[in-house]
Every structure is written in structure tokens, then in C-alpha cells.
Protein chains: 2
Amino acid sequence: MGKTRVCVVGYGNVGREAVVCIERAPDLELAGVVRRALCGIPPGVPAATRVEELGPVDAALLAIPSRLIPASAPSYLQRGINTVDGYDIHGRAMLSLRNDLANHARQSGRVAITGAGWDPGTDSIIRMLFSVIAPGGLTFTDFGPGMSMGHSTAASAIEGVKKALSITLPLGYGRHRRHVYVELEQGADLAEVAGNIRRDPYFKADRTEIFAVDDAAWLKVAAHGVRITRLGVSGTAQNQLLELKMRLTNPAATAQIMVAAARAAARLEPGCYVLGEIPPIDLLPSSREENIKKLV
Amino acid sequence: MGKTRVCVVGYGNVGREAVVCIERAPDLELAGVVRRALCGIPPGVPAATRVEELGPVDAALLAIPSRLIPASAPSYLQRGINTVDGYDIHGRAMLSLRNDLANHARQSGRVAITGAGWDPGTDSIIRMLFSVIAPGGLTFTDFGPGMSMGHSTAASAIEGVKKALSITLPLGYGRHRRHVYVELEQGADLAEVAGNIRRDPYFKADRTEIFAVDDAAWLKVAAHGVRITRLGVSGTAQNQLLELKMRLTNPAATAQIMVAAARAAARLEPGCYVLGEIPPIDLLPSSREENIKKLV
């Protein structure tokens, strides 16, 4: 069987890592990078402003900000290309995007996978498994300390901000504080920028402090982490304690999960899926049989 | 839609918990317990020596020793009943059972789910997800300290043993020691029993110490635990650290996972599956949409 040809849309933190992940995957081939401006892409990496220029493409990894995904994904599905995105807004917004992309995907007989990061994404699967093992109980998801890509992108989009880095600080048991480091545009007013960041949907639920920095070194953090704990009850048993902990370089982990989803997309019936709707074994290279021998 | 009617085959540690789990599940109904001898089953719980006596049954939970599963599961599949088992032998043995049950299941248009415990089972899914997030790297699974049901059952089946409890002690990084507490039959020889336990396939890979006990209180431990760690590489990023830790009452967790698999079986195409081949969301009660809103 030929390799699945994958293109990467966008060449930011996640896009750059996705190129490396695809090149290392035994069953995938890099079709190239799609980007509005082609500067900054190394000479060895095929790149184009339109996906049609990259030859046949089986799947597109949308390594672009969440707010651009609802409009971008359908255009690839209509061209007969599977899509994978890292849409990062939980709950109803995610469900509504999934249902919308499902219509587009079924119309063109293709597959869309949405929310293919680590949270939402693999963490969502962990929360599902914890509920399976201990259906009674409470689950807490504590992020950080570390860099949130979604929040950094959202803060960078605020008027007057050249670049922003949003750090998530866990207060424990599902509560967080955020510190946002911003490099301001010439003449921008910190107080006004700070107010706009605090009112943004990404930030309004959490206590958020904003700091102006001139030194871009402040903006280089890419580490993140998470701790998911469940105080659970199974059958007659109390005191079932389940915990997942990860320390991750955030864009690399996200890219790796998106690449795995591009592989799984080739194995699914037309439609749109969140990660928890996909058999986990189909996210891995090689056959189910090989993976059962090795990992089960 | 009507509730899925589930029977429990066997009424040991796992079977007893499974009855409680089924009664608490909003979408399942207890058809009853199937057991050779009907003593010890509380009056409120329907029970029979043959499954036909329990009325319509959609799924059978085989809460019986692993070595009895390969012969038992096909007889339920042939009767048109989905099966769920907690077969606990990893690797090739698991793959071969899955392929054998797949033939039986397809012939009768039913579903078998094998290895539906926490290891193999949900831990296998964790190992898969860890490989997805960080495809490079090393995973270590450390069990215990705690009671292994598979090893206790295997040791209890050795001639001269009335009852045995096998405790798994983690030495770290995938290596274990085992302590087996045995209540001997009258006139049995400890040295001979110990030799037979050490030569059993369940024990021969690990350093195993055997102790004779008269006090049955020694044999009541049901707690277990696991720690899965991955030292991983994602894309260009080293130092991706992933860890799962659980402390569980073992039979209750296992029963709960088997019950979730009985639910999932009703949502799958005919065939045999290990847990990692099933969309995790289908292990949960209520619709995919509800679970996406709540857990993704």
C-alpha cells in the first residue's frame, strides 16, 4: 500500500513540528506546506500558496488558529481531502463544529477529525477511560504550569499586541490563573490591551494578569503540562484513585497527535470524529495485529 | 430503546462486583448469574445453571478464570449472545484468542470483546496513546503493590492448594517480584507446591516467594495499582514525560470495565475486539453527543 500523502496548512509552532513528525512516520509522506506567504520555509520542504500545487494530497493538517478552522476545513473536504484540526474549544462549540464538518465530509465521502490535540484530544480519552473504570466520582483537570497555544494565539490577535505568550498556572482542582506576556505595538496602551485580553472568551473565566515585555526571550516558552485526577467509585469500591500526569513540549505533542489522526482518517468511514470516537489502535502505524502483540 | 440485558457467568470476586455495576448502569439490566452451583447467590439475584433459563440475554460477562475462556466464549456466541471476557494473557495468546473468537462471532453475527480489564485493557489503551503522543521512547509498566487476580487464580489451581493470594511487588522499570500466600490442603507439601507455582507460566518469568498461611485473613487483599511511565520523544522534542498512576480495588475496577464493554458490544459490527479497537466514547452510557459536551 502506498504512503498517505499529508500536507501541513500553516507553518507556525505546530506546523513546523508536524513537518518533522510526517517525515519520521513510516507510513506517511509529506506533500508539502500550504501557506499564504512562503518566506521562512526551508528549501528542502515543498511549499505552495494553494494545495492544488502540491500534487495529490490525502489529508490536510490544519495547523492554524482555532477561529480559522470552521471556514478552512470545508474547503479541503470539498476538494476530496481529509482534514485534521486541533480545534481547542471544548463542549458545545466542539460538538457544533463536529456536526457541521460531518455534513461536509459525508457529502464528499471524506473524513474530518476535529480537536486532535492533547486537550481536547488525548486528555478527553483519558477522562472517558477514567469514567469507564470508576463511573462514580469527580475528575479534575489541572493544566500547567506552561504555555497555552490557544490562549497565546488569542492574545496575539488582540489589537495593539505584536506577540503574546499566555502561561497557564494551576491553582489545583480545575482552577487556573493566567499570566500573559505581551510585546506591544508602538503606541499601544497596556491598560487597554489588558482589558481586551481579559474580556476575550479564552480568558474571561480565569483570573488573568498581563505584563508588557520588550525582551522576546520571555516569549520562547513552549513547555506545558497537565494532571488529571479522578476520585472514583467502581461497583462497591470507594477510593479508586486515578491520575494522569504529562510534561510536554506543547507544539511537538500536538503535531504528533494531529499526524496520528491523519493516519487514522484513512481508516475511517466518511464523517467527522473527535479523537474519542476513533479506535485508539488506528492512530498507530502498522497493523492492528502487530500493535496487539506489542502494546496490549 | 430497551435496556441491554446482561448475564454474569461466574460469581467470584469479579462476578459479584459485576452484578452491582450492572444494577447501577442506567442503560443495562441484569438478566442473572450463570453458575454451576447456585449456593452463595443472594435471593434477590436471578440465577441459573444454564443461560437459557434466564430469558433473553444480549451479552454474557465471562467472570471466570482466563484458561476457561477460550472454550466458554464460543458457546455463548453460538447462542447469539455477545461475550465480554477479562482474558489476561498478553501478546500472541491474546491475539490468537481474538482471531478465534472473531470467527465464531462473525458466524453468528455477534460481538466478542476480549481482554476487557485494566491490564490488558484500559492500560493497553494508555500505552497506545503514549505512543501516539511520543512515538519515540520507552514505556515501563509497573504493577502493584497489590493483588493479582490472574496469578491468584493460577496459584489456587495448583494441586495441594486450597486457596492462594498472589501479591505483585514492583521492582521498578517493568520488573516485579511476587509473594504468594497459600492455604495448603491437608497433607500437601509446601516445597512441592512452591516448585509447581514457580514453574507455572504465570510465574516463571518473575522471582517468586511462597508462604504457607493458616489464617484466611491473609487472603483478603483486593487492592492493586499500576504506574505506566513513558520517556518519550515527539517531533524535535526530547523530555516528553507521560505517566499514569492508579490505585484500585481490583475486582471492582475489572467488573466496571467488563460492564462498559458489554455496552459497547451492542454498538459494534460483528467480530472480536480488544479494548483498543473500540471507540472509547462507546464504552460510556448516553449518546456520543452528550459525552462530547461533557468530557471532550
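Residues numbered from 1 in each chain as written. Chains lettered and ligands numbered in written order. Predicted model: local features only at pLDDT ≥ 70, side-chain atom pairs only at ≥ 80, totals over all residues. Heavy atoms only, no water.

**Describing helix H4 (residues 122-133) of chain B**
Spacing of three or four residues puts side chains on the same side of an α-helix, whose turn is 3.6 residues. Residues and elements named next belong to chain B. When the terminal C-alpha atoms of H4 are compared, their 17 Å separation across 12 residues agrees well with the 16 Å that a helix rising 1.5 Å per residue should span. Among the 12 residues of H4, 12 are classified as buried, and the element is accordingly described as predominantly covered. For H4, every residue scored as buried is listed here: Thr122, Asp123, Ser124, Ile125, Ile126, Arg127, Met128, Leu129, Phe130, Ser131, Val132 and Ile133. (Helix = DSSP H or I, 4+ residues; strand = E, 2+ residues; numbered from the N terminus. Expected span 1.5 Å × (residues − 1). Buried < 20%, exposed > 50% of the residue type's maximum accessible area, 1.4 Å probe, protein only.)

**Side note on the pairing of strand E9 (residues 161-172) of chain A**
A regular strand places its side chains so that they alternate between the two faces of the sheet. Residues and elements named next belong to chain A. In this sheet, E9 lies alongside strand E8 (residues 146-147) in antiparallel orientation, the contact comprising two bridges. Paired with Met147 across the two strands is Ile167, which belongs to E9. Pairing between E9 and strand E10 (residues 175-184): 10 bridges, direction antiparallel. Each bridged residue has a counterpart across the sheet, and for Pro170 the counterpart in E10 is His176. Taking the residues between adjacent antiparallel strands as the criterion, E9 and E10 are bridged by two residues, where Tyr173 takes a positive phi near 55°. (Pairing = 2+ DSSP bridges.)

**Topic: the interface of chain B and chain A**
Chain B puts 61 residues into the contact, and the matching count from chain A is 61 residues. When chain B packs against chain A, close to 5,400 Å² is buried across both sides, 67% of that on carbon and sulfur atoms. Three residues, Met128, Val132 and Val296 of chain B, lead the burial of chain B against chain A; their summed loss comes to 12% of the area buried on that side. The interface formed by chain B and chain A contains six salt bridges. Ionic pairing is found between Glu289 of chain B and Arg98 of chain A, a salt bridge with its closest N-O pair at 3.4 Å. Run the count over chain B and chain A and you get 26 residue pairs in polar contact (both at pLDDT 80 or more). Mapped by element, the contributors of at least two residues to the side of chain B that touches chain A are helix H1 (13-24), helix H3 (92-108), H4, strand E12 (223-234), strand E13 (237-249), helix H7 (250-265) and helix H8 (288-295) of chain B. For the side of chain B that touches chain A, the leading source of residues is E13 of chain B, giving 13 residues. Residue classes in the side of chain B that touches chain A are distributed as 34 nonpolar, 14 polar and 13 charged. Sheet topology places strand E13 (residues 237-249) of chain A next to E13 of chain B; seven bridges connect them, and they run antiparallel. Paired with Lys245 of chain A across the strands is Glu243 of chain B, a residue of E13 of chain B. (Contact = heavy atoms within 4.5 Å. Buried area = accessible area lost by both parts, 1.4 Å probe. Salt bridge = Lys/Arg side-chain N within 4 Å of Asp/Glu carboxyl O. Polar contact = N/O pair within 3.5 Å; in protein donor to acceptor, adjacent residues only side chain to side chain. Nonpolar A, V, L, I, M, F, W, Y, C, P; charged D, E, K, R; others polar.)

**Digging into the pairing of strand E12 (residues 223-234) of chain A**
Residue and element names in this part refer to chain A. Of all 12 residues that make up E12, nine are buried, and the element is covered over most of its length. In terms of strand pairing, strand E7 (residues 136-143) meets E12 through eight bridges, oriented antiparallel. Within E12, the position partnered with Gly136 by the bridge is Val233. Direction of pairing for E12 relative to E13: antiparallel, over a ladder of 11 bridges. Pairing of Ala223 across the sheet is with Thr249, part of E13.

**Concerning the relation of the copies chain B and chain A**
For these two chains of identical sequence, chain B goes onto chain A by a turn of 180° and a shift of 0.0 Å along the axis, with RMSD 0.0 Å. Both chain copies can therefore be described as sitting about a two-fold axis. (Least-squares fit on C-alpha atoms with pLDDT ≥ 70 in both.)

**Focus: the domain arrangement of chain A**
The extent of an interface is frequently quoted as the accessible surface area lost upon association of the parts. Residues and elements named next belong to chain A. In terms of domain boundaries, chain A breaks down into domain 1 (4-119 + 250-295) and domain 2 (122-249). Placing the centre of domain 1 and that of domain 2 at their C-alpha centroids yields a distance of 23 Å. Tallying the contact residues gives 19 residues for domain 1 and 22 residues for domain 2. Note on domain 1 versus domain 2: buried area summed over both sides is about 1,500 Å², and carbon and sulfur give 65% of it. By the criterion of area lost to domain 2, the three top residues of domain 1 are Trp118, Asp119 and Asn250, representing 46% of everything that side buries. Taken together, domain 1 and domain 2 are joined by one salt bridge. A salt bridge links Arg127 to Asp119; its shortest N-O distance comes to 2.9 Å. Across the contact surface, domain 1 and domain 2 share 10 residue pairs in polar contact (both at pLDDT 80 or more). Here the side of domain 1 that touches domain 2 gets six residues from one element, more than from any other, and that element is helix H7 (residues 250-265). By residue class, the composition of the side of domain 1 that touches domain 2 is nine nonpolar, seven polar and three charged. (Domains from an automatic or database assignment.)

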